[in-house]
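Structural features, examined
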Amino acid sequence: MAMVNITPAYANDITVGDKTIAGCIAPVLLTDTAPIDLPPQADGADIEDPVYTPSISVFEVEEIDESYYDRIVVEGEFVLNCGTVSGYSNLTLIPGWNSELQMQYQQDTDTGRKDEKYRDVFSTFILPFNTSDYIFSLDETANRGGCPTIKPDGNVDFSTTVPLFKTGKRLSRQLPFKTDTAATPYKQPTVWVKFTYESKDFVLQVDRMADTFPGAPGCSITLLNDRPGFRINGSPRHLFGLNSFTGTSKKTPLFIYQNIMATVAFRADNRLRYQLDINPTAAALPTAKILTLRVPGAECWIAKKGTITEVTTEVIRLTEDTVLRNDRDKLAIIAAMAKAWYGRRRKTLTLTSDSIVYDCQPGSLVKEVLTGNKRTAIGTVISSIKWNFADGTTTIQTDWQELDFRQQRNSAHHGPSEKTHVETDIPIRQTNPFADIPVGKTAFMKFSLIDTGIGYLSPEWDFDRMASE
């Protein structure tokens, strides 16, 4: 007696933490004898709807190693760091001009000072670098450091840091703090200045100073494209040069630029990542096979202790390091699904049956082969079925590329290309997915029906609907 156990991927439930993705329909059994008192499956699941296929006569099995990895790493976006910097505490904000240009500016006339070459003087401020070209941390109230570390399980470790290189850095156009406005759901980088008037201290938002002092000069903020910093656009340029500007002008400075503080954000050099070891011993070796999957839109947002979130009648700061968003649960589920495929060694199968078999179709997963009392795990999908009506035979072949997470749709390459891939469309086949998950709540794949006779599905990741919701 010989039989083939076939089921669409995934046959078993996938559980990550407190979330479970339901397995697919019960497997179909092909047997060359009458299906009476069939032995149970290796995983103990029931076998339903046995299909009688007389005389399975030929088996050719070849083991493949390309689909097996020792470690799965799923990465999201670069970590977004947010914090408050200033020119008066730990010098986390410094002038973006040099003393020579400042001297020329002070010696020029009011008309000459409008020249574009002076646009940075008393106006542009940047995050400083140390001698190793690292950016200092976004924290005006504590020691300088780097970005918090992302642990293998995707959680944030504020006790250790990684360096922040200046190369290519610029400030983010939005902060990780939500607003109450649908048109602008997140706050923008905000700049304030400390100001004393009639012996009373104020903290003014630079681009809204007229809200506190009607008639105050109007300013706007521009983020730099070539450096991590910003420019205050106001008139005159030395508006923030009080106690520093020594030239002669009809317009006197009003504010001390060292009293500027700004809540800003930028992308660090480390990504949100989730690591899942399939073979921990082998994964620790230099020769480990590691598959890295990239998930666009998976975010981790961090705000440092002391970050100014709002200024009303008082300055409101975060009292501790805070994780504002972490999509590690999304990465964990994808890692678990990848492990379901890459976490086992697979074999290709060529099978010949001395009958015409219609009940299994391309896209079905051949789970195992049972011949006599011996089970052989296969774990690859049916890629080809040939019917020879003259001889009355059916030849079934399986392969593994159709379920390969790494392959891009419409790719002509039939085989693994490299170990790191950016996933946009991930062509795996699956039926009856997420049967117990309400639509729009926790499902994170979208499917299109392919007409193969059994209606298997070709899914694409849908990151607008997160599994962690």
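Residues numbered from 1 in each chain as written. Predicted model: local features only at pLDDT ≥ 70, side-chain atom pairs only at ≥ 80, totals over all residues. Heavy atoms only, no water.

A few words on the pattern of salt bridges. All chains considered together, the criterion is met by 13 salt bridges. The shortest N-O distance in the salt bridge between aspartate 277 and arginine 71 comes to 2.6 Å. With a gap of 206 residues between them, aspartate 277 in strand β16 (residues 260-277) and arginine 71 in strand β7 (residues 71-86) connect regions that are remote in the sequence. Accessibility expressed as a relative area gives 26% for aspartate 277, which makes it partly exposed. Between aspartate 110 and arginine 113 there is a salt bridge whose closest N-O contact spans 2.6 Å. Residues joined by salt bridges that share partners form a network here, namely Asp120, Asp226, Arg227 and Arg231. (Salt bridge = Lys/Arg side-chain N within 4 Å of Asp/Glu carboxyl O. Helix = DSSP H or I, 4+ residues; strand = E, 2+ residues; numbered from the N terminus. Buried < 20%, exposed > 50% of the residue type's maximum accessible area, 1.4 Å probe, protein only.)

With that settled, the discussion passes to the packing of aromatic side chains. In this structure the tally under the stated criterion is 18 aromatic pairs. With 6.0 Å between their ring centres and 65 degrees between their planes, tyrosine 105 and phenylalanine 122 make a pair best called edge-to-face. Placement of the pair is tyrosine 105 in helix α1 (residues 99-107) and phenylalanine 122 in the loop between α1 and β9 (124-126), with a sequence separation of 17 residues. Here phenylalanine 125 and tyrosine 257 contribute two aromatic rings whose centre-to-centre distance is 5.8 Å and whose plane-to-plane angle is 40 degrees, an arrangement assigned as tilted. Taken as a pair, phenylalanine 125 in strand β9 and tyrosine 257 in the loop between β15 (229-233) and β16 lie far apart in primary sequence, 132 residues in all. With relative accessibility at 2%, the residue phenylalanine 125 sits in the buried group. (Phe/Tyr/Trp six-rings, centres within 6.5 Å; stacked < 30°, edge-to-face > 60°.)

So, on to unusual backbone geometry. For the peptide bond that leads from serine 235 to proline 236, omega is 0 degrees, which places it in the cis range. One can find proline 236 in the loop between β15 and β16. Positive phi is not limited to glycine here, since phenylalanine 122 has a value of about 60 degrees. You can call phenylalanine 122 buried: its relative accessible area is 1%. In the Ramachandran plot, asparagine 243 falls in the positive-phi region, its phi being about 75 degrees despite a non-glycine side chain.

Okay, a nonpolar patch on the surface next. A cluster of nonpolar side chains, Tyr358, Trp387 and Phe389, forms an exposed patch at the surface whose accessible area comes to about 360 Å². Tracing the sequence through the fold places tyrosine 358 in the loop between β22 (346-353) and β23 (365-371). Take tyrosine 358: its relative accessible area is 48%, and that puts it in the partly exposed class. (Patch = residues over 30% accessible without salt bridge, like charges linked within 9 Å, V, L, I, M, F, W, Y side chains within 5 Å. Areas by Shrake-Rupley, 256 points an atom, 1.4 Å probe, with all protein chains shown as cover.)

This part is about the confidence of the model for the protein chain. In the predicted model, the protein chain carries a mean pLDDT of 75, and the fraction of residues at 70 or more is 67%. Scored below 50 in pLDDT, residues 140-144 shows 20 contacts in the model against residues more than four places distant or in partner chains. Note that pLDDT drops below 50 for residues 407-469; the model gives that stretch 156 contacts with residues more than four away or on any other chain. (pLDDT = per-residue confidence, 0-100. Contact = heavy atoms within 4.5 Å.)

The strands that make up a sheet pair up through hydrogen bonds in the backbone, lying either parallel or antiparallel. Across the sheet, four strands lie side by side as β8-β9-β15-β14; this open sheet has antiparallel pairing. A strand with exactly one partner marks an edge of an open sheet, and here the two such strands are β8 (94-95) and β14 (220-223). The pairing of β9 with β15 spans three bridges and is antiparallel. Residue isoleucine 126 lies in a different strand from β15, and its bridge partner there is glycine 229. (Pairing = 2+ DSSP bridges.)

Our focus in this paragraph is the layout of surface pockets. Empty space left among the atoms is revealed by rolling a probe the size of a water molecule over them. Taken as a whole, the largest pocket encloses approximately 690 Å³ of empty space. Looking at the lining of the largest pocket, the elements that each hand over two or more residues are β12 (190-197), β13 (200-205), β14 and β19 (308-311). For the lining of the largest pocket, the leading source of residues is β19, giving four residues. (1 Å grid on protein atoms, 1.4 Å probe; cavity = no way out; pocket = protein on both sides within 12 Å on 5 of 7 lines; lining within 4 Å. Points joined across faces, edges and corners; volume = space filled by probe spheres on them.)

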